[in-house]
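Spelled out from the first residue to the last, the chains are:
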Amino acid sequence: MKIIDMRSDTVTNPTDKMRKAMFEAAVGDDVYGDDPTVKKLEELAAKAVGKEAALFVPSGTFGNQLAVFTHTNRGDEVIINEGNHIFQHEVGAASVISNVQLRIMQGKNGMLYPDQVKKAIRQEDIHFPNTGLICLENAHSCGAIVPLDNMSDIFDIARENNIPVHLDGARIFDAAVELGVDASEIAKYSDSVMYCLSKGLCAPVGSILAGSKEFISKALKNRKLMGGGMRQVGILAAAGIVALEDMVSELKKSHDNAKYLADKLSEIEGITVFYDRIDINMVFFTISQDVIEEDTLIKALKEQNIKMNGMDNGEYRLATHYYIEKEDIDNVVEVINNAINRG
Ligand SMILES: *Cc1c(COP(=O)(O)O)cnc(C)c1O
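Residues numbered from 1 in each chain as written. Predicted model: local features only at pLDDT ≥ 70, side-chain atom pairs only at ≥ 80, totals over all residues. Heavy atoms only, no water.

### Brief notes about the sheet that holds strand 10 (residues 282-287)
For the record, the criterion: Whether two strands pair depends on DSSP finding at least two bridges between them. Elements are defined by DSSP. Helices are runs of H or I of four residues or more, strands are runs of E of two residues or more, and each kind is numbered from the N terminus. For every element, the axis is a line fit to its C-alpha atoms; helices are fit only across the contacting stretch, and the angle between N-to-C directions ranges from 0 to 180 degrees. Only heavy atoms enter the contact rule, under which two residues are in contact if any of them lie within 4.5 Å.
Pairing in this open sheet of three strands is antiparallel, and the strands run 9-10-12 from one edge to the other. Single-partner strands in this sheet number two, and they are strand 9 (271-273) and strand 12 (316-319). Each adjacent strand pair in this sheet contributes to an overall mean axis angle of 30°, direction not counted. Together, strand 9, strand 10 and strand 12 form the strand contacts of helix 12 (residues 251-266), whose direction differs from that of strand 10 by roughly 15°.

### Looking at the site of the ligand
Applicable threshold: Nearness of a residue to a molecule or strand requires only that one of the residue's heavy atoms be within 4 Å of it. Between N or O atoms, a polar contact is any pair within 3.5 Å; within protein, one atom must be a potential hydrogen donor and the other a potential acceptor, and residues adjacent in sequence are included only when both atoms are from side chains. Throughout this entry, Asp, Glu, Lys and Arg are counted as charged residues, while Ala, Val, Leu, Ile, Met, Phe, Trp, Tyr, Cys and Pro are counted as nonpolar. The remaining residues, Gly among them, count as polar.
Contacts to the ligand come from 13 residues, most closely from G60, T61, D168, R171 and K199. Between the ligand and R171 there is a distance of 3.0 Å, counted from an oxygen atom to a side-chain nitrogen or oxygen. Broken down by secondary-structure element, the contributors of at least two residues to the shell around the ligand are helix 3 (60-71) and strand 7 (192-196). At three residues, the largest contribution of residues to the shell around the ligand is made by helix 3. Its residues assigned to classes, the shell around the ligand comprises three nonpolar, five polar and five charged.

### As for helix 14 (residues 326-342)
In plain terms, the rule: Here, expected helix span is obtained from the residue count minus one, scaled by 1.5 Å. Burial classes: relative accessible area under 20% of the type maximum marks a residue as buried, over 50% as exposed, and values in between as partly exposed (1.4 Å probe, protein chains only). Arc definition: directions from the helix axis to the C-beta atoms.
Counted at 1.5 Å a residue, the expected span for helix 14 with its 17 residues is 24 Å, and the 24 Å between its end C-alpha atoms agrees. Every buried residue belonging to helix 14 is among D328, I329, V332, V333, V335, I336, A339 and I340, and all of these are buried. Around the axis of helix 14, the buried residues are gathered within 160° of arc, so they sit on the same side. Exposed side chains of helix 14 directed beyond 90 degrees from the buried face belong to E327, E334, N341 and R342.

### Quick look at helix 2 (residues 36-48)
Owing to its 3.6 residues per turn, the α-helix aligns residues three or four sequence positions apart on the same side. In this model, helix 2 (13 residues) spans 18 Å end to end at C-alpha, consistent with the 18 Å of a helix rising 1.5 Å per residue. By the burial criterion, the buried members of helix 2 are T37, V38, L41, E42, A45 and A46. Burial along helix 2 is one-sided: seen end-on, the buried residues are contained in an arc of 160°. For helix 2, the exposed residues lying more than 90 degrees away from the buried face are E43 and K47. Residues of helix 2 that are buried in the fold lie against strand 2 (53-57), strand 7, strand 8 (207-211), helix 10 (213-225) and helix 11 (234-247). Of the residues flanking the start of helix 2, the one acting as N-cap is D35, its side-chain oxygen 3.0 Å from the backbone nitrogen of T37. Positive backbone phi, approximately 70°, marks G50, located one or two places after helix 2.

### Focus: the pattern of salt bridges
Note that side chains of opposite charge can pair when their charged atoms are close. Worth spelling out the cut-off: Only one rule defines a salt bridge in this text: a Lys or Arg side-chain nitrogen within 4 Å of an Asp or Glu carboxyl oxygen.
Taken as a whole and assessed by the stated rule, the structure comprises 18 salt bridges. R7 is paired through a salt bridge with D5; the nearest N and O atoms lie 2.6 Å apart. Judged by relative accessible area, which is 12%, D5 ranks as buried. Among the salt bridges present, the one from E77 reaches R103, with a minimum N-O distance of 3.1 Å. Linking E77 in strand 3 (residues 77-81) with R103 in strand 4 (residues 101-105), this pair joins segments that are 26 residues apart in sequence. Members of the salt-bridge network, linked through shared partners, are E178, K252, D256 and K259.

The following block contains the structure:
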């Protein structure tokens, strides 16, 4: 029986085409710059977001932290939305690796507000840290796409103040496909961008950090410092090439399925779907404690071979992806409905 795994889009196994590409990949020692498959991926990857150069890195967290480390100096302050992955889900790495402090800003669905950012930028004063970086995230991990005019406003302010902007674009292609624009139209409001090959694009491992040639050559050395110099890593880059060439066009299906799932879930009494942030492949919702307890629900799903995470910050999340079909969603909704009505 098929296991329906909706914990995340990271659970996507490599496709058959990826496995074949990995098997056949030409490789070399990438620390010596000898791996032709990595070179090819990095070229494609830079182009895909309209940047001069790119680096293959082991994970999204690695790419984000490498960017923060490369842009900032010790003691700098980094302006970031309260919900961003770099602040919430990277184990406090920015303080450990880069010795920076994060300046947390509130803002709906991943936005930074221009007026607040202007106020937060530090002027020269003997008491103040230096504002070293502004971090954006799009698509945002709350499920929403940040409007491009908002990104543009923040980027203008950053430019006026000579502050670099890093974009956490783990799901940038989801945002691009949904907005009907090229990913470079999103990444142009940043100096560096990280994106994941290993989420909805189904590659087994790896992310990309892209930016100017100068930035990437600095990041190359910092990647080595962080232990991310990898050897015959063309084995993994081969899957990344398939991800970029074949899988971006598959993302729309997962978005349509997420909206279908949201509509089905919201018909169930006691479930509240957050409709203001179903822009990509994730549905966030709450279930009233009166209708079912968290443990009971997760267990009921597990018994039917359905995997879902417990609540995070009081919310459930179901993620659709390449391997989730419409029938799977019907199945999941039915199991949730039955569990609620039994309990
Ligand atoms: C998943 C994710 C990351 C980190 O990627 P890992 O490969 O899991 O380290 C960073 N930012 C966002 C927005 C993400 O969703």
